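# Descriptive structure summary
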Amino acid sequence: MNKNIKQIFFFVPIALILFGSKNLYAQSDYPNRPVKMIVGFPAGGAVDGAGRMMAQILQKAFNQTFIIENRPGVGGMSAMEEVARAAPDGYTLAVGSAGPLTVSPSIFKKANFDPRQSLDPVIWFVNNPGIVVIRKDLPVNNIAELVKLSKTKELNMASAGTGSVLHLMGEYFQERMGNKWVHVPYKGSSPALIDMVGGRTDVALELVPSAAPFVKSGQLRALAITSSKRLSVLPDVPTLGELGYSGLDMGSWMALLAPKGTSPEIINKLNQALNEAIKNPELIQKVTAGGGELVGGTPQDLSNQMNKEIPRWTTIIDRLNIQPN
């Protein structure tokens, strides 16, 4: 055999090992074994539910097992870090959400974790828009009257907890409107909303899926939603954009991500399967009936969302000096 040819045969495997790890993971038959999807919150919550929905879709699309594993801790960041340390072969994925991807990194600064540097976006799957709700006997009928009353009367703002996405949404809303509410943190949305029904707090920026049942029953009143268009679950509630308040598109969302360095071929396979599924009328009805919105789009769309929200929330976290619990 020619000496040069021998050298080529010798160096190609070494080159693949040293420089071609991404290509080694770009398996055309992916997935050919079970895939783990790590969720940073307990079973039964919204993030877990979105993860299981994606797992079912992918399992059907690829005729392969997709297993949900719940890893709560550090505001959901433990799970994201676990995925970031995994091999970028597509067999360990992250079910991420707005909290651990855009809020927790700025609160848990010592962790020194930036999801943009450690994870590759796959798809922005579902969005839960925000909603401005008030106790039913608060003497205002719209956002303008709420802002006016806030300047003459001390109002209490309930939230799902200090440093939660909902707390930051409320602070951002006040910042944009030029008023100040007294923050009353709770351990979750449910107790916050129940206390508002009881008249113990005045206003909150909540998520539509959590607040809609209280609005529909007449226990709370809704003034506006933060999505770009009205929602079928509350069709009479206007958007903030309709009312002339721009730049207040806020909410909590769920997405799929992979370890940094995952092959674009694998990411595109996952992205395409989920994008195809969210066109299904039954799935659309299921999600919208609960107050959510299926999003989809490209990996870059998810990256853009993270790049928009991280500095927005970091500014508020630093201003309020929010510390880990």
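This text follows the structure it describes.
Residues numbered from 1 in each chain as written. Predicted model: local features only at pLDDT ≥ 70, side-chain atom pairs only at ≥ 80, totals over all residues. Heavy atoms only, no water.

Once that is clear, we can look at the overall build of the protein. What the protein contains, in helices and strands, is 13 helices and ten strands. Restricting to contacts in the protein with at least 6 residues of sequence separation, those with at least 24 account for 78%. Accessible surface computed for the protein: about 15,000 Å², of which carbon and sulfur atoms make up 54%. When the 32 positive and 26 negative side-chain charges of the protein are each reduced to one mean point, those points stand 3 Å apart. (Helix = DSSP H or I, 4+ residues; strand = E, 2+ residues; numbered from the N terminus. Contact = heavy atoms within 4.5 Å. Areas by Shrake-Rupley, 256 points an atom, 1.4 Å probe, with all protein chains shown as cover. Lys, Arg positive; Asp, Glu negative; His and termini not counted. Charge placed at Lys NZ, Arg CZ, Asp CG, Glu CD.)

Looking only at helix α4 (residues 77–85), the buried set comprises M77, A79, M80 and V83. Seen along its axis, α4 keeps its buried residues to an arc of 160°; they face one direction. In this structure, the buried side of α4 is in contact with β1 (35–39), β3 (92–97), α5 (98–107), β4 (119–135) and β9 (251–259). (Buried < 20%, exposed > 50% of the residue type's maximum accessible area, 1.4 Å probe, protein only. Arc of directions from axis to C-beta.)

The subject of this paragraph is the packing of helix α9 (residues 189–197) against helix α10 (residues 208–216). Packing of α9 against α10 leaves a shortest axis separation of 11 Å and a crossing angle of 25°. The orientation of α9 with respect to α10, classified from their angle, is roughly parallel. Two packed elements cross with a definite hand, and for α9 against α10 that hand is right-handed. Residues S189, L193, I194 and V197 of α9 form the contact with α10, whose own contacting residues are S210, A211 and F214. Looking at the contact of α9 with α10 residue by residue, the class counts come to five nonpolar, two polar and no charged. (Axes fitted to C-alpha atoms, helices over the stretch in contact; angles between N-to-C directions. Parallel < 35°, antiparallel > 145°, perpendicular 65-115°, else oblique. Left-handed = near helix turned anticlockwise from the far one by under 90°. Nonpolar A, V, L, I, M, F, W, Y, C, P; charged D, E, K, R; others polar.)

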